Amino acid sequence: MTLPLMGFEKAFREKARLAVLEQLPPDQLLWRSDSETEADLFGHNRRDLRKSKGSVPEDSISVPKAYIELMKAVLCHSDPERFHLLYHALWRLQAERHLLQDRSSRLISRLQNMAKSVRRDCHKMTAFVRFREISNAQTGPRAFHAWFEPDHWIIERAGPFFANRFGDMDWIIETPKGCAQLHDGALSFSKDVPQPHVPEDETGELWNTYYLNIFNPARLKVKAMQSEMPKKYWRNMPETALIPEMIATAQSRSEAMQREAATQPPFRAERLRSMMQQREELENAKANQQIAAGGLDDLKLRASGCTRCPLHCNATQTVFGEGPADAELMLVGEQPGDREDLAGRPFVGPAGQLLDRLMQEAGIDRERAYLTNAVKHFKFEPRGKRRIHKNPSKAEITHCKWWLEAERAVIRPKAIVALGGSAALALTGRGDGILKRRGTVERLPDGTPVLITFHPSAILRMTGAASQTAQQDMLSDLRSALRVLTAPASA
Ligand code: URA
């Protein structure tokens, strides 16, 4: 059966519906449009459908909605087999309702690829059509002309897009596969147009200026550009004449752009950043003032009910810091151990005894120092009747840092000793490399010196000479801390 070049969707639907109703299998039909003059390869096996008397009702057969969409696109394809393939699918859909979802079907995958190619062609047409003015200044309104060479029969599909976009002018788009025209707001289509002679006009210049301005030489990707704008479209697009030159000079233009680029953040951004910083500092200072005003007792009371992390669930109590509020030296451990958890005081177990001895040898009076921990609750794993110490996680240390900072705000120590990795992490933000960092002094953002040393529990786990050496090292570190305390404050 023969379909008209224009309006073939309506014709195909009508005839295909009729053919299905007449139970005509796909191989008994020959489809072609009046644009296609191919020989009827299987014509002798097929028969032309008899002329329908009147139209067949739309709902005489039913198909999934997705078929209609697929059909609308595929009908525009330039492959002469498109009608046969579509009818084949329609025929099978009568018995196989889920055919369109069958990913293994070669028929469906071919139809989908055809639809995709049509959609791409339409997209290219909407992007690459270039109008030239053909108005006659003395007479009628402004009129425009464009010549485009699509791969498929898409003029009727794409026409409404242009009517919508350029509805306020008269125009004609001619292609080797039909022509669309908008005159006085009415869109019409016709077939068979030769390529006319199109005069150059200033709209070409306009396109060039526009294209030169949107082209960013620093982002040039020749392959991507050619796949987006295939060369076959170039000859009808005025701006493409500029492309070779633009590619050739892209590198030097992009280098020039870099040389001229602003290196300073804009003034406004800088002002905002500094305003935000000032506000943060003010809020911190206010919070610290409030804490300091409440004093250590208030802080300790509040910490006794702390539920910031789940460690409070199993621990006996919060073990808060201990020492005078005007202590010049603060020592920070990791977390209370079994004995501290029961006693409610820091460093009263074996690690505390070792620390006491070393502090004494170093000449530090425990009564005058402030001892606390990075984490205020004992973290352990029950094993029989024993509670085995577990290292606190980074998140637990971070949650508990609030209390440590509050203690710092009240006491404002001149120097701090970080005993081990967890304390170093809580204070400096880094808990690694204690062996390399021990004996060194690091500074907190407010300038407070932090001396890093071993944790006494780590020394208790050592034996023989290693333990002796570590004790000597820790002793020397505590002495250094004392020296830091007595050293004149640096500017
Ligand atoms: N270990 C610590 O880190 N702190 C204590 O209070 C006891 C042991």
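Being a predicted model, the structure only gives us computed values, none of them experimental. (Residues numbered from 1 in each chain as written. Predicted model: local features only at pLDDT ≥ 70, side-chain atom pairs only at ≥ 80, totals over all residues. Heavy atoms only, no water.)

Some words on a positive patch on the surface
A cluster of basic residues, Lys72, Lys116, Arg119 and Arg157, forms a positive patch on the protein surface. By the secondary structure assignment, Lys72 is in helix H2 (residues 65-74). (Patch = residues over 30% accessible without salt bridge, like charges linked within 9 Å, V, L, I, M, F, W, Y side chains within 5 Å. Areas by Shrake-Rupley, 256 points an atom, 1.4 Å probe, with all protein chains shown as cover. Salt bridge = Lys/Arg side-chain N within 4 Å of Asp/Glu carboxyl O. Lys, Arg positive; Asp, Glu negative; His and termini not counted. Charge placed at Lys NZ, Arg CZ, Asp CG, Glu CD. Helix = DSSP H or I, 4+ residues; strand = E, 2+ residues; numbered from the N terminus.)

Topic: the sheet that holds strand S14 (residues 449-453)
Taken in spatial order, the five strands of this open sheet run S9-S8-S12-S14-S13, and their pairing is mixed. Only two strands of the sheet have a single partner each, and these edge strands are strand S9 (370-373) and strand S13 (441-443). When strand polarity is set aside, the average angle formed by the axes of neighbouring strands in this sheet is 25°. Pairing geometry for strand S8 (residues 329-333) and S9, over four bridges, is parallel. (Pairing = 2+ DSSP bridges. Axes fitted to C-alpha atoms, helices over the stretch in contact; angles between N-to-C directions.)

Side note on helix H3 (residues 82-93)
End to end, H3 covers 16 Å across twelve residues, agreeing with the expected 16 Å (1.5 Å per residue, within 8%). Within H3, nine of the twelve residues are buried, which leaves the element mostly enclosed by the surrounding structure. Listed as buried for H3 are Arg82, Phe83, His84, Leu85, Leu86, Tyr87, Ala89, Leu90 and Leu93. (Expected span 1.5 Å × (residues − 1). Buried < 20%, exposed > 50% of the residue type's maximum accessible area, 1.4 Å probe, protein only.)

Digging into the environment of Leu427
By the element assignment, Leu427 lies in helix H13 (residues 421-428). As a C-alpha pair, Leu427 and Glu405 span 22 residues in sequence and 8.6 Å in three-dimensional space. Excluding its chain neighbours within four sequence positions, the residues that come into contact with Leu427 are Val332, Lys401, Leu404, Arg408, Ile416, Ala418, Leu444 and Val450. (Contact = heavy atoms within 4.5 Å.)

Some details on the environment of Arg430
Within the secondary structure, Arg430 is located in the loop between H13 and helix H14 (434-437). You can call Arg430 partly exposed: its relative accessible area is 42%. Here Arg430 is in contact with Ala424, Leu425 and Arg437, once residues within four sequence places are set aside.

Concerning the pairing of strand S7 (residues 186-190)
Where strand S6 (residues 178-183) and S7 come together, five bridges link them in antiparallel fashion. In the strand pairing of S7, Ala180 is matched with Phe189. Taking the residues between adjacent antiparallel strands as the criterion, S6 and S7 are bridged by two residues, where Asp184 takes a positive phi near 50°.

A closer look at the nonpolar core
Nonpolar side chains tend toward joint burial in soluble globular proteins. In this structure, Val332 and Leu427 are the most contacted members of the largest nonpolar core, which totals 32 residues. Of all the secondary-structure elements, those providing two or more residues to this core are helix H9 (267-304), S8, helix H12 (394-411), strand S12 (415-419), H13 and S14. Filtering out sequence-adjacent residues up to four positions away, Val332 remains in contact with Thr372, Asn373, Ala374, Leu404, Ile416, Val417, Ala418, Leu419, Ala423 and Leu427. (Core = buried A, V, L, I, M, F, W, Y, C linked by side-chain atoms within 4.5 Å.)

Here's the deal with the state of the cysteines
A covalent bond between the sulfur atoms of two cysteines is referred to as a disulfide. Taken as a whole, this structure holds zero disulfides when the rule is applied. As a non-bridged cysteine, Cys313 has Cys309 as the owner of its nearest cysteine sulfur, 8.2 Å distant. For Cys313, a relative accessible area of 53% gives the class exposed. (Disulfide = S-S within 2.5 Å.)

Quick notes on the confidence of the model for the protein
Here the protein shows a mean pLDDT of 87. Residues at 70 or above account for 88%. Across residues 37-53 the pLDDT falls below 50, and counting only partners more than four positions away or on other chains, this stretch makes 27 contacts in the model. (pLDDT = per-residue confidence, 0-100.)

Examining the site of the ligand
The full set of residues close to the ligand is Gly333, Glu334, Gln335, Pro336, Gly337, Glu340, Pro346, Phe347, Asn373 and His455. Contacts to the ligand include Glu334, whose backbone N or O atom sits 2.7 Å from an oxygen atom. In the complex, 95% of the free accessible area of the ligand, which totals 240 Å², lies under the protein chains. Split by residue class, the shell around the ligand holds three nonpolar, five polar and two charged. (Near = heavy atom within 4 Å. Polar contact = N/O pair within 3.5 Å; in protein donor to acceptor, adjacent residues only side chain to side chain. Nonpolar A, V, L, I, M, F, W, Y, C, P; charged D, E, K, R; others polar.)

Topic: unusual backbone geometry
In this structure, Phe347 takes a positive phi of about 50° despite not being glycine. For Phe347, the position within the fold is in the loop between helix H10 (338-343) and helix H11 (350-362).

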